[in-house]
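Listed below are the residues making up each chain.
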Amino acid sequence: MNDCSFSFCQTEEMAMKRNKPKYKQIIDAAVEVIAENGYHASQVSKIAKKAGVADGTIYLYFKNKEDILVSVFREKMGEFIEKIREEITKKESAEDKLYSLIEIHFKQLSLNHQLAIVTQLELRQSNKDLRMKINNSLKGYLAIIDQILKEGIEEGLFHPQINIKLLRQMIFGTVDEVVTNWVMKDQKYDLVKQAKDVHYYILNGLKSTDDKKGS
């Protein structure tokens, strides 16, 4: 009898695949092909050609094209999360950590326009199951926002009765929409420069300074 459970063996097998060079080649090729052609017009054969592998090799790593798209987001979001965690550990306050999160999000996508196109446009699929798989990859990112908000409450930066789940969605939605608008405008302006204003408005809202003092 096999010593490992099905789920454990499945996870271990996936980890082995992800550590192989061809896996990364295919992921990077998929980003390029999907950004250039759109998800629906991106045949597996095009991705294989761009990656420099045989069509059949793709299926050693991925079940189908949908699996490739989900894997692209999972891998790239994993890189995002790792980078954000690395940077916010260097910051003392929740305010500074929030700024780092916003800035890194913008920097990562401004450095890779093709990835930005994929994440902001091509991942918006109508298929419910596909959307759910993509959303699952966001959990680690959203957990970081939750932690920043909790630290902000402890520091007295945020009101103790804020709805963390709602505010987390508002923060992510704001950052996400700013990037989407930048992509739709063909990256004609500096995305990273938007970080300061986005951070300010999230922290201070829309009230004037005088209104705040009188409240």
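No experiment lies behind these values; they were computed from the predicted model shown. (Residues numbered from 1 in each chain as written. Predicted model: local features only at pLDDT ≥ 70, side-chain atom pairs only at ≥ 80, totals over all residues. Heavy atoms only, no water.)

**Some points on the overall build of the protein chain**
This is how it is decided: Helix numbering and strand numbering both begin at the N terminus, where a helix is a DSSP run of H or I of at least 4 residues and a strand a DSSP run of E of at least 2. Accessibility here uses a 1.4 Å probe with only protein chains present; expressed as a share of the type maximum, an area under 20% marks a residue as buried, one over 50% as exposed, and anything in between as partly exposed. The contact definition used throughout considers only heavy atoms, calling two residues in contact when any of these lie within 4.5 Å. The protein chains shown are the only cover counted for residues, whose accessible areas, like all others here, come from Shrake-Rupley with a 1.4 Å probe.
Secondary structure summary: the protein chain contains 12 helices and 0 strands in total. Each helix and strand of the protein chain, placed in order from N terminus to C terminus, yields the pattern α-α-α-α-α-α-α-α-α-α-α-α. Counting the 215 residues in the protein chain, one finds 39% classified as buried. Of the contacts formed within the protein chain by residues at least 6 apart in sequence, a portion of 70% connects residues at least 24 apart. As presented, the protein chain carries roughly 12,900 Å² of accessible surface, and 50% of it is formed by carbon and sulfur atoms.

**Focus on the packing of helix α7 (residues 113-122) against helix α10 (residues 164-184)**
To keep things clear, this is the line we draw: To get an axis, fit a line to the C-alpha atoms, keeping to the stretch in contact for a helix; angles then go from 0 to 180 degrees between the N-to-C directions. Orientation labels follow simple angle bins: below 35 degrees gives roughly parallel, above 145 gives roughly antiparallel, 65 to 115 gives roughly perpendicular, and whatever is left gives oblique. Crossing handedness is read from the near helix: turned anticlockwise from the far helix by less than a right angle, it gives a left-handed crossing, and turned clockwise, a right-handed one.
Following both chains from N to C, one finds α7 and α10 inclined at 120°, their axes separated by 10 Å at the closest point. Classed by the angle they form, the pair α7 and α10 counts as oblique. In this structure, α7 crosses over α10, and the sense of that crossing is left-handed. Here α7 contributes H113, A116, I117, Q120 and L121 to the contact with α10, which in turn contributes D176, V179, T180, W182, V183 and M184.

**Quick word on the nonpolar core**
Put simply, the rule is: Think of a nonpolar core as a cluster: buried Ala, Val, Leu, Ile, Met, Phe, Trp, Tyr and Cys residues, connected wherever their side-chain atoms sit within 4.5 Å.
One finds I58, F106 and Y141 to be the most contacted residues of the largest nonpolar core, which totals 60 residues. If one sorts the elements of this core by residue count, helix α5 (residues 65-88) sits on top with 10 residues. Not counting the four nearest positions on each side in its chain, I58 is found in contact with I26, V44, I47, A48, V53 and I68.

**A look at helix α11 (residues 194-204)**
For the α-helix, the turn length of 3.6 residues means that residues three or four positions removed from each other point alike. We count it as follows: Working definition: the arc comes from the directions between the helix axis and the C-beta atoms, pointing outward to the latter.
Regarding α11, the residues found buried are A195, V198 and H199. Buried residues of α11 fall within an arc of 100° about the axis and therefore sit on the same side. Residues of α11 that are buried in the fold lie against α6 (94-110) and α10. Where α11 terminates, the next one or two residues include G205, which has phi positive at roughly 65°.

**Considerations on the side chain of K97**
Secondary-structure assignment places K97 in helix α6. The contact partners of K97, leaving out residues within four places of it in the chain, are I88, K91, E92, I148 and E151.

**Structural notes on the environment of R74**
Mapped onto the elements, R74 comes out in helix α5. Under the relative-accessibility criterion, R74 is labelled partly exposed at 25%.

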